[in-house]
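# Examining the three-dimensional arrangement
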Amino acid sequence: MTEPVPVAVEWAEPGDAAAVADHIARVVAAPGHKRIAFTGGSTPIKVLALLKDRPLDWASVTIALTDDRRVPDDHAASNFGKIHGALGSSGAAFERLEEGADVAPFDLVWLGMGEDGHVASLFPEMTAHVRPGPTVIATTPIPLPPEAPFDRLTLNAKALKATKEIILVVTGTSKKALIERAINGDDRYPVTDFLRGYGPPVTIYWSE
């Protein structure tokens, strides 16, 4: 059995979308089949736009989502709909979130973070169906955010940590300050679980 390794955290320089695109491209270009978990939101779409003209072998990649809202694919709030719309014709395979499904390890997990320190759909306060092992769970944030008042499906912490590496992509000075508090031991935030203790290495991409 592999011994747990203390988390190694590194701040990327530069930390902009172009640097994130370069990181994704390196993973896609690596030999063999790769598994990548994408965060939701608008940032992945901006990064993928920077990659669309590069000769990358997306057919060697399985794309999963770290989390999604429980809405139809064609709903404006669907992370799956956005990512599939950007890469659906690329040859990549897509893995849907299914509650209770076991999750195979990843080569890269891409996380975003909310102003409250939530990652994927793991919130400071939420209802959640707790399951053992790396799997998909159902969560509902408390309170429901008005901009996205939906129940969620998300990879649990064990699934998110079952990866060779994590990138955490954030913008704004308030989020940078929160991450610094988390690194220093403030455990009020779900992101702290990924920045301290044991787990895969984390590269933080931050921009103003």
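Residues numbered from 1 in each chain as written. Predicted model: local features only at pLDDT ≥ 70, side-chain atom pairs only at ≥ 80, totals over all residues. Heavy atoms only, no water.

### What about the sheet that holds strand S4 (residues 67–69)?
- With antiparallel pairing, four strands are arranged side by side in an open sheet as S4-S9-S8-S7. Two strands in the sheet have a free side with no partner beyond their single neighbour: S4 and strand S7 (126–128). Going from strand to strand, the sheet's axes swing by 25 degrees on average, the running direction of each strand aside.
- In this sheet, strand S9 (residues 152–155) lies alongside S4 in antiparallel orientation, the contact comprising three bridges. Opposite Arg 69, over in S9, you have Arg 152 as the bridge partner. (Pairing = 2+ DSSP bridges. Helix = DSSP H or I, 4+ residues; strand = E, 2+ residues; numbered from the N terminus. Axes fitted to C-alpha atoms, helices over the stretch in contact; angles between N-to-C directions.)

### Quick look at the pattern of salt bridges
- One pass over the structure, following the stated rule, counts nine salt bridges.
- In this structure, Glu 95 engages Arg 35 in a salt bridge whose closest nitrogen and oxygen atoms are separated by 2.8 Å. Here the residue Glu 95 occupies a position in the loop between strand S5 (93–94) and strand S6 (108–111), and Arg 35 occupies one in strand S2 (residues 34–38), the gap between them amounting to 60 residues.
- Overlapping salt bridges, with partners in common, bring together Arg 70, Glu 99 and Arg 131 in one network. (Salt bridge = Lys/Arg side-chain N within 4 Å of Asp/Glu carboxyl O.)

### Observations concerning helix H5 (residues 173–183)
- Every buried residue of H5 is listed here: Lys 175, Leu 178, Ile 179 and Ala 182. In an axial view of H5, the angular spread of the buried residues amounts to 100 degrees, which keeps them on one side of the axis.
- Buried positions along H5 lie against strand S1 (9–11), strand S10 (166–171), helix H6 (192–195) and strand S11 (202–207).
- At the C-terminal side of H5, Gly 185 shows a positive phi close to 115 degrees. (Buried < 20%, exposed > 50% of the residue type's maximum accessible area, 1.4 Å probe, protein only. Arc of directions from axis to C-beta. Contact = heavy atoms within 4.5 Å.)

### Looking at the nonpolar core
- Counting residues in hydrophobic clusters, the biggest one holds 59 residues, and the most contacted among them are Ile 24, Phe 38, Leu 51, Trp 58, Leu 155, Leu 168 and Val 191.
- The element that contributes the greatest number of residues to this core is helix H1 (residues 17–29), accounting for seven residues.
- Excluding residues within four positions of it along the chain, Val 191 makes contact with Met 113, Gly 117, Val 119, Leu 168, Leu 178 and Ala 182. (Core = buried A, V, L, I, M, F, W, Y, C linked by side-chain atoms within 4.5 Å.)

### Some remarks on the packing of aromatic side chains
- Counted under the stated rule, the structure contains two aromatic pairs.
- Taking the centre distance of 5.9 Å and the plane angle of 70 degrees together, the rings of Phe 80 and Phe 94 count as edge-to-face. Of this pair, Phe 80 sits in helix H3 (residues 79–87) while Phe 94 sits in strand S5; the two residues are 14 residues apart in sequence, bridging distant segments of the chain.
- Above the face of the Phe 194 ring, Lys 161 is positioned so that its terminal group lies 5.6 Å from the ring centre. (Phe/Tyr/Trp six-rings, centres within 6.5 Å; stacked < 30°, edge-to-face > 60°. Lys NZ or Arg CZ within 6 Å of the ring centre and 35° of its normal.)

### So, the side chain of Asn 79
- When you line up the elements, Asn 79 lands in helix H3.
- Classification of Asn 79 by relative accessible area gives buried; the value is 5%.
- Those residues in contact with Asn 79, other than ones at most four positions away along the chain, are Gly 40, Gly 41, Leu 65, Asp 67, Asp 68 and Arg 69.

### Here we look at H3
- Listing the buried residues of H3 in full gives Asn 79, Phe 80, Ile 83 and Leu 87. The buried residues of H3 occupy an angular sector of 95 degrees when projected down its axis, which confines them to one face.
- Tucked into the core, H3 has its buried residues touching S2, helix H2 (43–51), strand S3 (61–65), S4 and S5.
- Where H3 starts, the residue carrying a side-chain oxygen 3.4 Å from the main-chain nitrogen of Phe 80 turns out to be Ser 78. (Polar contact = N/O pair within 3.5 Å; in protein donor to acceptor, adjacent residues only side chain to side chain.)

### Regarding unusual backbone geometry
- For the bond running from Glu 13 to Pro 14, omega is 0 degrees, close enough to zero to count as cis.
- Note that the residue after Ile 142, namely Pro 143, is joined by a cis bond; omega there is -5 degrees.
- One non-glycine residue with positive phi stands out, namely Ala 120, at about 50 degrees.
- Here Ala 120 shows up in the loop between S6 and S7.
- Judged by its relative accessible area of 10%, Ala 120 is buried.

### Some points on the sheet that holds S2
- Strand order in the open sheet formed by seven strands is S1-S11-S10-S6-S2-S3-S5, and the pairing between neighbours is parallel. Each edge of the sheet is formed by a strand with only one pairing partner; in this case those strands are S1 and S5.
- Both S2 and S6 contribute to a ladder of two bridges, which runs parallel. By the bridge assignment for S6, Ala 37 is matched with Val 109.
- Across the face of the sheet, H5 comes into contact with S1, S10 and S11 while running at roughly 155 degrees to S1.

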